[in-house]
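An overview of the molecular structure
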Amino acid sequence: MSTSRRLLIGLAAAALAGAVHAQAQPKARTATMKIGHLEAPTQPRHQGLARVAELVKTRTGGEVEIQLYPASQLGNARQMVEGVQFGTIEATMMPAAFLGGFNPAVSILDIPYVFPTDRASSQQLRESAFGRAILESFSSRKLLALTLWPNGRKSLTSNKPLDKLDALRGQKFRVMDSKILIEQFAALGASAVAINFSELYTSLQTGVIDGQENPLDTISTMKFHEVQKNLVVTEHGSMEDLFLVNPGWWAKLPQGHRDAIVKSLDETRPQTEKAKEAAQQASLELIRGSGRISVRVADETERRRLREAMAPKAREAYLERAGAEGRKLMDLYLQEAKRLGL
């Protein structure tokens, strides 16, 4: 046999062996991660999650595919959280205010001014032992909490005066269904009632209630300022989102893929917060420009007075509901806030 023929046979054999070896190797399986949330695709939360999806796809070589389902496409808040618990949905980004029924401890975030006005100090608190304890509190509820994302701060509107603290006495405000939020208004001599968000505009328009609390971009998007006379920017309530994952699905992911998801969430959070802040400022200018409502911004002295008036009763309501677990978390909050000089 000629040398050239032996060489050709050898190359063919090597190619065949390589092909067999390649067929024997299992192909990398694509993991699908469905993420459901409540906001519209135009909102900062969705835009942030879309960026996370891009980063995760790149960092996992396409082996983790994130599919986003905004605007309650996968159900309401309870249905999505239960879906994550049962594994029919891999993950959700959900406001803490909707999670108290699953985890009473997390309702500490409903207490007025739990986060300071300064955004950098607030992030230090999220990254502290207090923030980590909030995330860990979900592990006993068949949920894995990966991170906290800020999603705006609530301010007050009303058809009655909001020019001073005493003016709130006797007014009726709409709140989400939370004992803590009801008690924060009771502490001011006001009353609060839980009304479905879909009914809020009409309730303000017809005078069923005097006012409400929401972030500025929600107020402008839902046009609440068109049926209210006064707005005061108090930023008394921080809207915090938690990224919740099904623990069983997470455990099956390679560690490198888990790291890619966590890194992408952490990297995208500051950008999303900036987008939310920009949306808040644009909304404030839109509301001011409408000429339909009196607008003012509460200074730090007024915010301190509000906190001193509202927070104690809200804390009592929280501790009554969250029990020993809540007491432990509250003690940790006070410890970390003191350490950070807040």
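This section reports on the structure supplied with the text. (Residues numbered from 1 in each chain as written. Predicted model: local features only at pLDDT ≥ 70, side-chain atom pairs only at ≥ 80, totals over all residues. Heavy atoms only, no water.)

Observations regarding the overall build of the protein
- Across its full length, the protein holds 11 helices and 9 strands.
- Over its C-alpha atoms, taken along the principal directions, the protein stretches across nearly 105 × 45 × 35 Å.
- Relative to its 342 residues, the protein shows a buried fraction of 50%.
- Nonlocal contacts in the protein, meaning residues at least 24 apart in sequence, comprise 74% of its contacts between residues at least 6 apart.
- In the structure as shown, the protein presents an accessible area of about 16,300 Å², 52% of it carried by carbon and sulfur atoms.
- Across the protein, 45 positive and 37 negative side-chain charges occur, with their mean positions spaced 4 Å apart. (Helix = DSSP H or I, 4+ residues; strand = E, 2+ residues; numbered from the N terminus. Buried < 20%, exposed > 50% of the residue type's maximum accessible area, 1.4 Å probe, protein only. Contact = heavy atoms within 4.5 Å. Areas by Shrake-Rupley, 256 points an atom, 1.4 Å probe, with all protein chains shown as cover. Lys, Arg positive; Asp, Glu negative; His and termini not counted. Charge placed at Lys NZ, Arg CZ, Asp CG, Glu CD.)

What to know about helix α10 (residues 255–290)
- With 36 residues, α10 should reach 52 Å at 1.5 Å per residue; the first-to-last C-alpha distance of 52 Å fits that figure.
- Of all the bends in α10, the largest measures some 35° and sits at Arg269, one to four residues before the proline Pro270.
- In the stretch just after α10, Gly291 is the one whose phi turns positive, near 70°. (Expected span 1.5 Å × (residues − 1). Bend = angle between axes of the 7 residues up to and from the residue.)

Describing the packing of aromatic side chains
- Within this structure, the stated rule accounts for 3 aromatic pairs.
- Taken together, a centroid distance of 4.6 Å and an interplanar angle of 10° make the contact between Phe173 and Phe185 stacked. With Phe173 in strand β5 (residues 172–175) and Phe185 in helix α6 (residues 179–186), this pair connects stretches of sequence that are 12 residues apart. This pair shows no difference in class: Phe173 is buried, exactly as Phe185 is.
- The positively charged end of Arg126 is found above the aromatic ring belonging to Phe115, 4.8 Å away from the centroid. (Phe/Tyr/Trp six-rings, centres within 6.5 Å; stacked < 30°, edge-to-face > 60°. Lys NZ or Arg CZ within 6 Å of the ring centre and 35° of its normal.)

Observations concerning the pairing of strand β6 (residues 191–194)
- Both β5 and β6 contribute to a ladder of 4 bridges, which runs parallel. Bridged to Val175 within β6 is Ala194.
- Handedness of the β5-α6-β6 crossover: right-handed. (Pairing = 2+ DSSP bridges. Right-handed = clockwise from strand over helix to strand, strands pointing away.)

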